[in-house]
Amino acid sequence: MLTIRAAGQADAPLLTTLIHELAEFERLAHETIVTEEDILRDGFGPHPRFRALIAEWDGQPAGYALYFDFYSTFQGRVGLFLEDIFVRPQLRKHGIGKALFARVAAITWEEGYFCMRWEVLDWNTPAIDFYRQLGAEFLDDWKSAMLIGEPLQAVAGVKA
Amino acid sequence: MLFIRQAEARDASLLVTMTHEFAEFERLPVKVSEQDLLRDGFGPSPKFQMLITEWNGDPAGYAMYFNFYSSFEGRAGIYLEDVYVRRQHRGKGIGKAVMVHLAQIALKENYCGVRWQVLDWNTPAIEFYRKLGAESLDDRRVFSLHGDAMLRVAGGATGR
């Protein structure tokens, strides 16, 4: 049986493990350096930077979702940005991803966010099909970019 | 001469004007009001921060950003939602100065980086970001769920 609950401080080790599992699935393990201390400090301190849900299947940790607020200047409203959603490979096909996603959509609605937004890797066809079936709008003309590491220091005018 | 400053409540009307100009440039719908920005940006728990750029005292553009969280890095970062320079002030290096300013904030605050999105037809902007050394997250697709589709998905979680 499936249960979905808000993650608490005691889940920091589990959450860290699940994040590393997602990174491996997304082939980004080499860039993933998050530690339990990071999660404790940033998720469960006085000013949390994110919130997370844990999904359990028959009492066993099955996956998680991690999200935070974003803001749309054009809408003049706060939205929910879903950064991660993950179901462990051995527990797929139980509808856990869909239920987790639906819970995040319910939070979006109940807490008055105007929309939920997320990104998906373009080679992850099953995920893209899944989101399409849910009625999500595909923002085809947007590209994501990031300034990180040495280029970030270069732009800031700091020597690497 | 260029001056970059943090926006304040008294800038709300100017910010709404520039937000509308920017939306027109991006060919996107906009409905933000002064009240929205005052409530969400300049109240007790601001949802975003804004910078105003001035050229010889004349408002030349703005930038709006908030924090995102990188679960893989275990650190917060800057999500640059809007960066806009008014037509008559382009070609003066104002956009670049804003990116430098944000990169400096990111390093000072120990953020993991600066992240943003760009419309794929906006070639000058894409070129500009490439020259800064930004990594184009080409394998990412962006999704959004709102309105009826969001309600439908949310209903799956709550039985409504």
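Structure first, text after, so check above.
Everything numeric in this text was worked out from a predicted model, so none of it was measured. (Residues numbered from 1 in each chain as written. Chains lettered and ligands numbered in written order. Predicted model: local features only at pLDDT ≥ 70, side-chain atom pairs only at ≥ 80, totals over all residues. Heavy atoms only, no water.)

Caption draft 1: Region of the structure containing the overall build of chain B. The helix and strand inventory of chain B stands at five helices and seven strands. For chain B, the succession of helices and strands along the chain, N to C, is β-α-α-β-β-β-α-β-α-β-β-α. Out of the 160 residues in chain B, the part that is buried amounts to 51%. Within chain B, residue pairs in contact and separated by at least 24 positions form 57% of the contacts whose partners lie at least 6 positions apart. For chain B, the accessible area works out to roughly 7500 Å², and carbon and sulfur atoms hold 50% of it. Across chain B, the mean location of the 20 positive side-chain charges is 2 Å away from that of the 20 negative side-chain charges. (Helix = DSSP H or I, 4+ residues; strand = E, 2+ residues; numbered from the N terminus. Buried < 20%, exposed > 50% of the residue type's maximum accessible area, 1.4 Å probe, protein only. Contact = heavy atoms within 4.5 Å. Areas by Shrake-Rupley, 256 points an atom, 1.4 Å probe, with all protein chains shown as cover. Lys, Arg positive; Asp, Glu negative; His and termini not counted. Charge placed at Lys NZ, Arg CZ, Asp CG, Glu CD.)

Caption draft 2: Representation of the sheet that holds strand β4 (residues 75-85) of chain B within the structure. Ordered in space as β1(B)-β2(B)-β3(B)-β4(B)-β5(B)-β7(A)-β6(B), the seven strands form an open sheet in which the pairing is mixed. Edge positions in the sheet fall to β1 (2-6) and β6 (135-137) of chain B, since each has one partner strand and no second. Put simply, the sheet's adjacent strands are angled 30° from each other on average, direction ignored. Alignment of β1(B) against strand β2 (residues 49-55) of chain B, held across five bridges, turns out to be antiparallel. Looking across to β2(B), one finds that I4(B) is bridged to T53(B). The sheet contacts of helix α1 (residues 12-26) of chain B involve β7 (142-148) of chain A together with β2, β3 (58-70), β4 and β5 (113-119) of chain B, and relative to β3(B) the element is tilted by about 80°. (Pairing = 2+ DSSP bridges. Axes fitted to C-alpha atoms, helices over the stretch in contact; angles between N-to-C directions.)

Caption draft 3: Looking closely at the pattern of salt bridges. Applying the stated criterion across every chain, the model contains 16 salt bridges over all chains. R5(B) is the partner of D11(B) in a salt bridge, and the nearest nitrogen-oxygen pair spans 2.9 Å. Across this residue pair, the class does not change: D11(B) and R5(B) are buried. Linked by salt bridges that have partners in common, R5(A), D11(A) and E56(A) make up one network. (Salt bridge = Lys/Arg side-chain N within 4 Å of Asp/Glu carboxyl O.)

Caption draft 4: The pairing of strand β4 (residues 77-87) of chain A, seen in detail. Residues and elements named next belong to chain A. Burial analysis of β4 places eight of its 11 residues in the buried class, the great majority of the element. Two elements, strand β3 (residues 60-72) and β4, share 10 bridges in a ladder whose sense is antiparallel. Following the sheet pairing, G63 is matched in β4 by V87. Pairing geometry for β4 and strand β5 (residues 115-121), over three bridges, is parallel. Counted as the bridge partner of F81 is R117 from β5. Handedness of the crossover joining β4 and β5 through helix α3 (residues 96-110): right-handed. (Right-handed = clockwise from strand over helix to strand, strands pointing away.)

Any link to function would need more than the numbers given here.
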